[in-house]
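Listed here are the chains, written in short residue letters.
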Amino acid sequence: MKPFVEITQVKKKIDNFHLGPINLTIEPGTITSLVGNNGSGKSTLMKLMMNLANTDSGSINLFNQNVSGDEEQWKSFVSYQSQKMIGWDAFTGENLKCFIAPLYEHWDEQLFQRIVEHFAIPLNQRFSKLSQGSQQKLTLALTIPRNTPLLLLDEPTAYLDIPAKTHLMDILVEWMDQGERSIIIASHQIEDIKKLSDYLFVLRNGEMIGNFEKEALTERYKRYWLRSELTESSIPGEVFRDRVQVVSNHPKETEHYLQEKGLQWTNQSSLDLEEIITLLLSPTR
Amino acid sequence: MKEWKQAFWLAGTEWKNFSKHAVFTYTLCLLYIVIVFAFLPIFEGGTTIVGDILFIVIFLLFPAWIKPKESHVQKISGEIWASPSFIMLQQLPIRKNVIVKSRFIFHSFYSFPFQLTLLLCLYILTPEVRNMGFSAYLAFVIIWLAISIYIGFFLPTSDGGDIINWKTLLGSSLFFILLGAAILTLFHAVLDVGFVEWTIRIAQEFPLLSAIVSILLAACGFFYWPRSLKKTMEKLDYL
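Residues numbered from 1 in each chain as written. Chains lettered and ligands numbered in written order. Predicted model: local features only at pLDDT ≥ 70, side-chain atom pairs only at ≥ 80, totals over all residues. Heavy atoms only, no water.

Trainee: Report on the sheet that holds strand β14 (residues 265–270) of chain A, specifying residues and quantitative values.
Mentor: All names here are of chain A. Taken in spatial order, the 4 strands line up as β12-β13-β11-β14 in an open sheet, and their pairing is antiparallel. Each having just a single partner strand, β12 (238–242) and β14 make up the two edges of the open sheet. Adjacent strand axes in the sheet meet at a mean angle of 20°, parallel and antiparallel pairs treated alike. In the sheet, strand β11 (residues 222–226) pairs with strand β13 (residues 245–248) via 4 bridges, with the strands oriented antiparallel. (Pairing = 2+ DSSP bridges. Helix = DSSP H or I, 4+ residues; strand = E, 2+ residues; numbered from the N terminus. Axes fitted to C-alpha atoms, helices over the stretch in contact; angles between N-to-C directions.)

Spelled out as structure tokens, the structure:
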């Protein structure tokens, strides 16, 4: 099966901010988290994918169609939830549903009703009158049931309470199991990333750090506690050091080097995903 | 045809959501019109510059004012100003052509009923218009409805937005105010007649010709403004 998303050498300059070059491929059946510091370009990348802004160079293909081309069929295969829903304020949840649902061939009314019921979303109130949390719940209730092959979620859990977050994770996992689908999710919430992601696409200040398989990434990083303080200027694979601690993203090379130099370590451990992301996003990396 | 059908459905669904607001503002504006035409002698002895401005503002800009706030151009982020409704539509699986058409239809839901009522009020309340005769009045109505298209369709075109800062805002406002003032002054100075009065006269003297020219101009506006909006939406970064 062909990839859902193919981003090739995409660059975008906005004032002093430079995004890219970005290369990213999204295969069916995967969940990719866009991870990055604030202002790293995650939302911009999603907007470029939705053709809400033009790229300076490179190309974005969704479902084998260039998003900036004349063919617009790709729009039917994508559901996009932006951070802030613009233009929704004057509509009630019910009216929004009447507006949005007919536009999607595979709209799942049952799922919509289930989410509304579980999150206790008041459908008769204007969107602007809802709390930020309820707005986000309604947005999700109006996005996930669209049942498009690709779901783009920009910070979907930023305002959700803990039970709602847990429930959303379950809904998304269940949703993924129902067919050839993919999710791209921009999030700062480590629990979302841990629970959902197959891949982590890391951006730092607009620069693409890489697209990593989650499991491979957690296996790749190791921390070593050494017997004595290090005097070596540099160790292969080293990404961080603090007196007797060394963190490596190439453990085999690091261990080989330490053994060769007769440097013994008393303990070693894997890193949390949060620590790995922190290291990846560290400006001194 | 399919595009028009979907565009009508979109505009209609959006309009239904604001129908209460529309009825309220429409009634308010109607009251305002009656007061202006019944108590202010703006057409007595030919229109004055103030009368012209008053009529043009009511005719062209009131339909925009009676539209709900959400469809007005406003700050979206940074220096991007656009209509929130327009942004909403862009994030849904709707073809660009359909979005563009729906904006003009939505505007027309507000402009044409209002403008027709205004022209009817004009007929009822002002003797100068009432005495024109039916064919001349019909030409007059066509002239103004055409203006509503080839000039008034600028308003839904602006839904697409622009990059606006205080310099461009000041510059463009000044430009349009000066241009409008210059055109109106020119009419009064050169032709010794107000603009609205001039349209009454050409409708009386050349009803067929003025109607045909107006329809042609309206056709130009009908094709030009949607293209302009589509160009804007393809050019602008909604970030």
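This is not the end of the story, as more comes after the structure.
Trainee: Explain the interface of chain A and chain B to me, and be specific about the residues and the numbers.
Mentor: Every contact between the two is made by 34 residues of chain A and, on the other side, 27 residues of chain B. With both sides pooled, the region where chain A packs onto chain B buries about 2,600 Å², and carbon together with sulfur makes up 61% of that total. Its largest share of buried area at the contact with chain B, chain A owes to L52, I86 and F99 of chain A, together 27% of the area lost on that side. In this structure, the salt-bridge partner of E72 of chain A is R95 of chain B, at a minimum N-O distance of 3.9 Å. The interface formed by chain A and chain B holds 9 residue pairs in polar contact (both at pLDDT 80 or more) in total. Among the secondary structure elements, those contributing two or more residues to the side of chain A that touches chain B are β1 (5–14), α1 (42–49) and α2 (93–100) of chain A. Examining the composition of the side of chain A that touches chain B, we find that 5 residues originate from one element, α2 of chain A, more than from any other. Considering only residue class, the side of chain A that touches chain B consists of 17 nonpolar, 9 polar and 8 charged. (Contact = heavy atoms within 4.5 Å. Buried area = accessible area lost by both parts, 1.4 Å probe. Salt bridge = Lys/Arg side-chain N within 4 Å of Asp/Glu carboxyl O. Polar contact = N/O pair within 3.5 Å; in protein donor to acceptor, adjacent residues only side chain to side chain. Nonpolar A, V, L, I, M, F, W, Y, C, P; charged D, E, K, R; others polar.)

Trainee: Would you mind going over the sheet that holds strand β5 (residues 65–66) of chain A in detail, with residue names and values included?
Mentor: Residue and element names in this part refer to chain A. Across the sheet, which stays open at both edges, the 4 strands sit in the order β2-β1-β4-β5 with antiparallel pairing between neighbours. Lying at the two open borders of the sheet, with one neighbouring strand each, are β2 (17–26) and β5. Sitting on the sheet, α1 is in contact with β1, β2 and β4 (57–62), with an inclination near 120° to β1.

Trainee: Please give an account of the packing of helix α3 (residues 49–65) of chain B against helix α9 (residues 166–191) of chain B that cites residues and values.
Mentor: Residue and element names in this part refer to chain B. Remark: α3 packs on α9, axes separated minimally by 10 Å, with the N-to-C direction vectors making an angle of 140°. As far as their axial angle goes, α9 and α3 are oblique. For the pair α3 and α9, the sense of crossing is right-handed. Across from I49, D52, I53 and I56 in α3, the residues of α9 making contact are L184, T185 and H188. Split by residue class, the contact of α3 with α9 holds 4 nonpolar, 2 polar and 1 charged. (Parallel < 35°, antiparallel > 145°, perpendicular 65-115°, else oblique. Left-handed = near helix turned anticlockwise from the far one by under 90°.)

Trainee: Describe the packing of aromatic side chains, and please don't skip the residues or the numbers.
Mentor: What the rule picks out here adds up to 31 aromatic pairs over all chains. Summarising the aromatic geometry, the rings of W88 of chain A and F127 of chain A are spaced 5.4 Å apart at their centres and angled 65° between planes, so their arrangement reads as edge-to-face. One end of the pair, W88 of chain A, is in the loop between β6 (78–81) and α2; the other, F127 of chain A, is in the loop between α3 (109–119) and α4 (132–141), and 39 residues separate them in sequence. Residues W88 of chain A and F127 of chain A agree in their burial class; the two are buried. For the ring pair F175 of chain B and F176 of chain B, a centre distance of 5.3 Å and an interplane angle of 70° mean the geometry is edge-to-face. F175 of chain B gets classed as partly exposed once you look at its relative accessible area, which sits at 49%. Residue class for F176 of chain B comes out partly exposed when judged on its relative accessible area of 47%. Members of the aromatic cluster, joined through ring pairs, are F55, F59, F140, W144, F187, F195 and W198 of chain B. Positioned above the aromatic ring of W175 of chain A, the side-chain terminus of R181 of chain A is 4.5 Å from the ring centre. (Phe/Tyr/Trp six-rings, centres within 6.5 Å; stacked < 30°, edge-to-face > 60°. Buried < 20%, exposed > 50% of the residue type's maximum accessible area, 1.4 Å probe, protein only. Lys NZ or Arg CZ within 6 Å of the ring centre and 35° of its normal.)

Trainee: Account for the pairing of β6 of chain A, naming residues and giving values.
Mentor: Residues and elements named next belong to chain A. A two-sided burial pattern is seen for β6, the buried positions comprising V78 and Y80 on one face and S79 and Q81 on the other. One ladder, built from 4 bridges, connects β6 with strand β7 (residues 150–154); its direction is parallel. By the bridge assignment, V78 is partnered in β7 with L150.

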